[in-house]
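Chain and residue survey
What follows is each chain in one-letter form.
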Amino acid sequence: MLFLKRQEILFLCICIVLFLSGCWGRKEVNDLAIIVAAGLDKKSDEKLELTVQVYTPKAGGGSQQMGESGSGGGGQPVVVRSAEGVTIADAMSKLQQLFPRQLFWGHAEVFIINEKLAREDIRPKLDFILRHPQLRDRSHIYVSKDPAKKVLRLTPPLERDLSEVLRELSMLKTGIEITIKEAAQMFIGDSGASALPLIEVLKSQPPAEENQTIAYINGTAIFKKGKMVGTIDGAQTRGVLWLRNEISQAVVTVKPRIVDGYISMVLLHSYTKLIPSIENGRWKITLKATTEVDIINNGTVLDITDQKTIEMLEHKLEKDIHNRVYSALAIVQKEMNADIFGFSDAFHRSYPDIWNKNKENWDEIFPQVEVLIETRAIVRRPGMVTRPSLIPEEEVVEE
């Protein structure tokens, strides 16, 4: 019996081996051109230009490679090439003719859209990216003031390539961070508005060459119904981040009354919540924000261990948050009429019946929504120094 069982097991193993597919459909790494970043520019009314940045491991080994479009200066292991087409798919097929290896999009983490193209409807471009089996919906997307082709040609001094620079900057949350999936969700949301990080090229410092620099996040591009309708600067972007509950890194500097100098505080934790209400036909949103900070610099003669000084700083911080939020609202809500704050979603969740009756009129309702701000700022740690650093004790006064 034991012998028969062994025979049965052996027969089963042979049958399993026969059905194994093996590696007949394999793709070796050295047969692929791995794309790490891509950009779109408008060439004419009918055509767009697709530019890709391809990682080349050989260049990282010491030899410098340069693509036809002029990339890879300073030993950067990338090649940049471009192709034109009437659609992204058309440009991709023409781009493949410029590479001896098969283009692979699975590692493309950055997509850059030039401002001129962004002022047209970009939803078909996002739709293509979401449908393509290799393209990643978790890739970061940006709008560039400069041509995307120019941005992808930059050779960063510190990082491997530009895609690495932008990815790291997004992770630091110095501005708004949006993936392709998040952008698509906003476009099909109740408001139809979206916000994408705006990048521009940092001017290189001599003796570095003009292209030996980086692109950095400097503001936000505002979209409505797929088209870019305007931009806001970095300070106003901070107000947007407070409203969206996405603020994570911030240093707030305030100037106390009477005394000279400034005090800087770094953000530890922040939580914001939107509370909608509809009363007598009036639509209101209350922003409740709780913020905790540490004092990291005292350039005044104030004793920051004194409770009165702490209360004064907390009040100053609350006022700063108010100003940033209202500055963003004045432009995005009143001028651009683009709900990138999630007001529509908040009303939809809390008042589904009323929302369904009024959603078609949201463009008329949104600019009239009253926004109330309730903030609570808490100074957690004033620092190890019990009195102003480097200030003689006899000069220390209270505000």
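The structure we're discussing is the one just above.
Procedures and definitions
- Residues numbered from 1 in each chain as written.
- Predicted model: local features only at pLDDT ≥ 70, side-chain atom pairs only at ≥ 80, totals over all residues.
- Heavy atoms only, no water.
- Helix = DSSP H or I, 4+ residues; strand = E, 2+ residues; numbered from the N terminus.
- Polar contact = N/O pair within 3.5 Å; in protein donor to acceptor, adjacent residues only side chain to side chain.
- Contact = heavy atoms within 4.5 Å.
- Pairing = 2+ DSSP bridges.
- Axes fitted to C-alpha atoms, helices over the stretch in contact; angles between N-to-C directions.
- Buried < 20%, exposed > 50% of the residue type's maximum accessible area, 1.4 Å probe, protein only.
- Arc of directions from axis to C-beta.
- Salt bridge = Lys/Arg side-chain N within 4 Å of Asp/Glu carboxyl O.
- Core = buried A, V, L, I, M, F, W, Y, C linked by side-chain atoms within 4.5 Å.
- Parallel < 35°, antiparallel > 145°, perpendicular 65-115°, else oblique.
- Nonpolar A, V, L, I, M, F, W, Y, C, P; charged D, E, K, R; others polar.
- Phe/Tyr/Trp six-rings, centres within 6.5 Å; stacked < 30°, edge-to-face > 60°.
- Lys NZ or Arg CZ within 6 Å of the ring centre and 35° of its normal.
- Left-handed = near helix turned anticlockwise from the far one by under 90°.

Examined against the element boundaries, Thr 237 turns out to sit in helix H9 (residues 234–243). A polar side-chain atom of Thr 237 sits 2.8 Å from a polar atom in the side chain of Thr 220. Once you skip the residues sitting within four places of it in the chain, Thr 237 turns out to touch Ile 176, Gly 219, Thr 220 and Ile 232.

Read across the sheet, four strands follow the order S10-S11-S12-S13 without closing on themselves; strand pairing throughout is mixed. Edge positions in the sheet fall to strand S10 (251–254) and strand S13 (370–381), since each has one partner strand and no second. Between one strand axis and the next, the sheet turns by 35° as a mean value, whatever way the strands run. Strand direction decides the pairing type here: strand S11 (residues 263–279) and strand S12 (residues 282–298), joined by 16 bridges, are antiparallel. Residue pairing for S12: Thr 272 is matched across the bridge by Ala 289. Seen against the sheet, helix H10 (residues 307–332) touches S10, S11, S12 and S13 and runs at an angle of roughly 145° to S13. Its contacts with the sheet put helix H11 (residues 343–350) on S11, S12 and S13, and the angle it makes with S11 is roughly 45°.

On to H11, then. The complete set of buried residues in H11 reads Phe 343, Ser 344, Ala 346 and Phe 347. Taken down its axis, H11 places every buried residue within 160° of arc, on the same side.

Burial within H9 is extensive, with eight of its 10 residues counted as buried. For H9, the complete set of buried residues consists of Gln 236, Thr 237, Arg 238, Gly 239, Val 240, Leu 241, Trp 242 and Leu 243. For H9, the elements touching its buried residues are strand S8 (215–224), strand S9 (227–232), S11, S12, H10 and H11. Looking at where H9 begins, the residue whose side-chain oxygen comes 3.2 Å from the main-chain nitrogen of Ala 235 is Asp 233. The positive-phi residue at the C-terminal boundary of H9 is Asn 245, with phi of around 60°.

Turning to the pattern of salt bridges, a few remarks are in order. What the rule picks out here adds up to 22 salt bridges. For the salt bridge of Lys 94 with Asp 90, the shortest nitrogen-to-oxygen distance reads 3.6 Å. Residue Lys 94 and its partner Asp 90 are both found in helix H3 (residues 88–96); the two are separated by four residues, about one turn of the helix. What makes Asp 90 partly exposed here is its relative accessible area of 22%. For Glu 164, the salt bridge is made with Arg 160, and the minimal N-O distance between the two is 3.9 Å. For Arg 160, a relative accessible area of 33% corresponds to the partly exposed category. In the salt-bridge network here, residues are joined through shared partners; they are Glu 109, Arg 136, Arg 160, Asp 161, Glu 164, Arg 167 and Glu 168.

This part covers the nonpolar core. The biggest cluster of nonpolar side chains holds 91 residues, and the ones touching the most others in it are Trp 105 and Phe 343. Sequence-distant contacts of Trp 105, that is, excluding residues within four places in its chain, are made with Ile 35, Ala 38, Leu 50, Val 52, Met 92, Phe 111, His 132, Gln 134 and Leu 135. Membership of the second largest hydrophobic core comes to 17 residues, among which are Ile 112, Ala 148, Leu 154 and Ile 217.

Attention now goes to the environment of Thr 87. Turning to its location among the elements, Thr 87 is positioned in the loop between strand S3 (78–85) and H3. Taking relative accessible area as the criterion, Thr 87 reaches 40% and is therefore assigned partly exposed. Residues Thr 87 and Phe 128, 41 residues apart in the sequence, show an inter-C-alpha distance of 9.5 Å.

It is worth spelling out the packing of H9 against H10 at this point. The packing of two helices is summarised by the inter-axis angle and the distance between the axes. Here H9 crosses H10 at 100°, and the two axes come no closer than 7 Å. As far as their axial angle goes, H10 and H9 are roughly perpendicular. Contacts between H9 and H10 involve Ala 235, Gln 236, Arg 238, Gly 239, Val 240, Trp 242 and Leu 243 from the first element and Ile 321, Arg 324, Val 325, Ser 327, Ala 328, Leu 329 and Ile 331 from the second. Its residues assigned to classes, the contact of H9 with H10 shows nine nonpolar, three polar and two charged.

Quick look at the packing of aromatic side chains now. Overall, the coordinates contain 10 aromatic pairs when judged by the stated rule. Following the ring pairs from residue to residue traces out a cluster consisting of Trp 283, Phe 341, Phe 343, Phe 347, Trp 355, Trp 362 and Phe 366. Across the ring face of Phe 99, the terminal group of Arg 81 is positioned such that the distance to the ring centre comes to 4.9 Å. Its guanidinium or amino end placed over the ring of Tyr 262, Lys 255 lies 5.7 Å from that ring's centre, counting from NZ or CZ.

Another point: the side chain of Ser 163. Tracing the chain through its elements places Ser 163 in helix H7 (residues 162–172). Only 2.4 Å separates the side chain of Ser 163 from the side chain of Asp 161, close enough to count as a polar contact.

Take the packing of helix H5 (residues 123–131) against helix H8 (residues 180–187) next. Put simply, H5 and H8 touch, their axes get as near as 10 Å, and they point 130° apart. Between H5 and H8, the crossing angle belongs to the class labelled oblique. Note on packing geometry: the crossing formed by H5 with H8 is left-handed. Here H5 contributes Arg 123, Leu 126, Ile 129 and Leu 130 to the contact with H8, which in turn contributes Ile 180, Ala 183, Ala 184 and Phe 187. In the contact of H5 with H8, the residues fall into seven nonpolar, no polar and one charged.

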